[in-house]
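Reading the structure
Listed below are the residues making up each chain.
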Amino acid sequence: MNWFHEIDLYCERTGPGFFEEPFNAASNLGFVLAAWLVWRKGRGRTWDFRVLAYLIALVGICSLAFHTFATRWAAALDTAAIALFTWFFLQRLLVRAVGFGNINAALMVMSYAVTAYMVERYFTAEWLNGSIAYVPPLAVLGGISVSLVATKGALGAPFIIATILFGLSLALRTIDLAVCHIFQAGTHFMWHLLNAAVLYALGIGLAGFVSRRSSRRSTG
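An account of the accompanying structure is given in this report. (Residues numbered from 1 in each chain as written. Predicted model: local features only at pLDDT ≥ 70, side-chain atom pairs only at ≥ 80, totals over all residues. Heavy atoms only, no water.)

Quick look at the overall build of the protein
If you tally the helices and strands in the protein, you get eight helices and zero strands. Shown N-terminal to C-terminal, the secondary structure of the protein runs as helices and strands in the order α-α-α-α-α-α-α-α. The globule rule puts the C-alpha radius of gyration for 220 residues at 17 Å, and the 18 Å found for the protein is close to it. Overall, the protein is about 60 × 35 × 35 Å in size when its C-alpha atoms are taken along their principal axes. For the protein, with 220 residues in total, the buried portion stands at 44%. In the protein, once contacts between residues fewer than 6 apart in sequence are set aside, the share between residues at least 24 apart is 68%. Treating the 16 positive side-chain charges of the protein as one cloud and the 10 negative ones as another, the clouds have centres 25 Å apart. (Helix = DSSP H or I, 4+ residues; strand = E, 2+ residues; numbered from the N terminus. Rg over C-alpha atoms; globule rule 2.2 N^0.38 Å. Buried < 20%, exposed > 50% of the residue type's maximum accessible area, 1.4 Å probe, protein only. Contact = heavy atoms within 4.5 Å. Lys, Arg positive; Asp, Glu negative; His and termini not counted. Charge placed at Lys NZ, Arg CZ, Asp CG, Glu CD.)

In structure tokens, the structure reads:
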């Protein structure tokens with residue numbers, strides 16, 4: 001495999017070159033902002049908040065690389081960063097919000113990863129304009145969010161918001177190529193901006209459970 005082979009997947013890119021996707025590239029600043037806000041929110045809490053903030057920033061950096069270099073190696077970095085964030089966040093959510101132990105939560109994440117891989121392999125790349133890989137995380141997030149609202153009340157609200165925003169962002173990612181004749185920049189950059197908001201909402205949601213447990217320890 002030629003890792004330097006150029007990839008053209010999005011409406012905004014009209015040819016080879018570093019600056020062929022200005023909107024898609026610049027919109028990754030949203031992830032940097034989200035990472036900074038989550039890091040600020042996590043100060044004085046726990047180690048996993050710092051890791052979460054770093055992973056959000058990594059998503060933005062790797063996505064920026066993909067939308068500038070537009071090569072297979074950059075695409076691999078982009079995919080890896082998203083997977084790392086998803087796995088880490090899901091594990092910490094299962095531990096802090098659902099109450100799983102670390103090992104059981106890790107096993108659940110492994111099961112999710114295998115299922116998501118099988119779903120992606122079953123469907124062709126044409127499904128949802130290549131967005132089929134994001135359907136499993138949307139389904140899992142939606143299920144957990146509904147469960148948290150039912151069992152934890154207002155503490156689950158940020159996860160519901162994140163689910164709604166993620167569904168909207170996925171729709172915008174899916175229609176990117178279809179709107180080229182209407183809007184040359186496409187809609188992929190909106191996927192970035194909304195996903196930055198999604199990751200921030202997830203960080204805020206997790207913060208509520210960390211604060212809750214910390215206060216219980218201090219008064220116990």
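That shown, we press on.
Quick word on the packing of helix H3 (residues 47–69) against helix H4 (residues 72–98)
Running from N to C, H3 and H4 cross one another at 160°; their axes reach a closest spacing of 8 Å. Our classification of the angle between H3 and H4 gives roughly antiparallel. Between H3 and H4 the crossing geometry is left-handed. Tallied by class, the residues present in the contact of H3 with H4 amount to 21 nonpolar, one polar and four charged. (Axes fitted to C-alpha atoms, helices over the stretch in contact; angles between N-to-C directions. Parallel < 35°, antiparallel > 145°, perpendicular 65-115°, else oblique. Left-handed = near helix turned anticlockwise from the far one by under 90°. Nonpolar A, V, L, I, M, F, W, Y, C, P; charged D, E, K, R; others polar.)

A word on helix H5 (residues 102–122)
With 21 residues, H5 extends 30 Å between its outermost C-alpha atoms, agreeing within 8% with the 30 Å of an ideal straight helix rising 1.5 Å per residue. Of the positions making up H5, those classed as buried are Ala105, Val109, Tyr112 and Ala116. For H5, the arc enclosing every buried residue in end-on projection is 60°, short of the 170-degree limit, so these residues lie on one face. The exposed set on the far side of H5, more than 90 degrees from its buried face, consists of Ile103, Met110, Tyr117, Met118, Arg121 and Tyr122. On its buried face, H5 sits against H4 and helix H6 (135–152). (Expected span 1.5 Å × (residues − 1). Arc of directions from axis to C-beta.)

Things to note about the pattern of salt bridges
With the rule as written, the count across this model stands at three salt bridges. Put simply, Glu21 and Arg13 hold a salt bridge, and the shortest N to O gap is 2.6 Å. When the shortest N-O distance is used, the salt bridge between Arg92 and Asp48 registers 3.1 Å. One end of the pair, Arg92, is in helix H4; the other, Asp48, is in helix H3, and 44 residues separate them in sequence. (Salt bridge = Lys/Arg side-chain N within 4 Å of Asp/Glu carboxyl O.)

A short note on the state of the cysteines
Covalent bonding between the sulfur atoms of two cysteines is what defines a disulfide. For the structure shown, the criterion picks out one disulfide. Disulfide pairing is shown between Cys11 and Cys180; the S-S distance is 2.1 Å. Placement of Cys11 in the segment before helix H1 (22–26) and of Cys180 in the loop between helix H7 (157–174) and helix H8 (188–219) is noted, with a sequence separation of 169 residues between them. (Disulfide = S-S within 2.5 Å.)

Overview of H3
Between its first and last C-alpha, H3 extends 33 Å over 23 residues, near the 33 Å set by a 1.5 Å rise per residue. The first or second residue beyond H3 is Ala70, which carries a positive phi of 50°.

Observations concerning unusual backbone geometry
In this model, Leu128 sits at a positive phi of 55°, which is unusual for a non-glycine residue. For Leu128, the position within the fold is in the loop between H5 and H6. Even without a glycine there, the phi angle at Asn129 is positive, about 55°.

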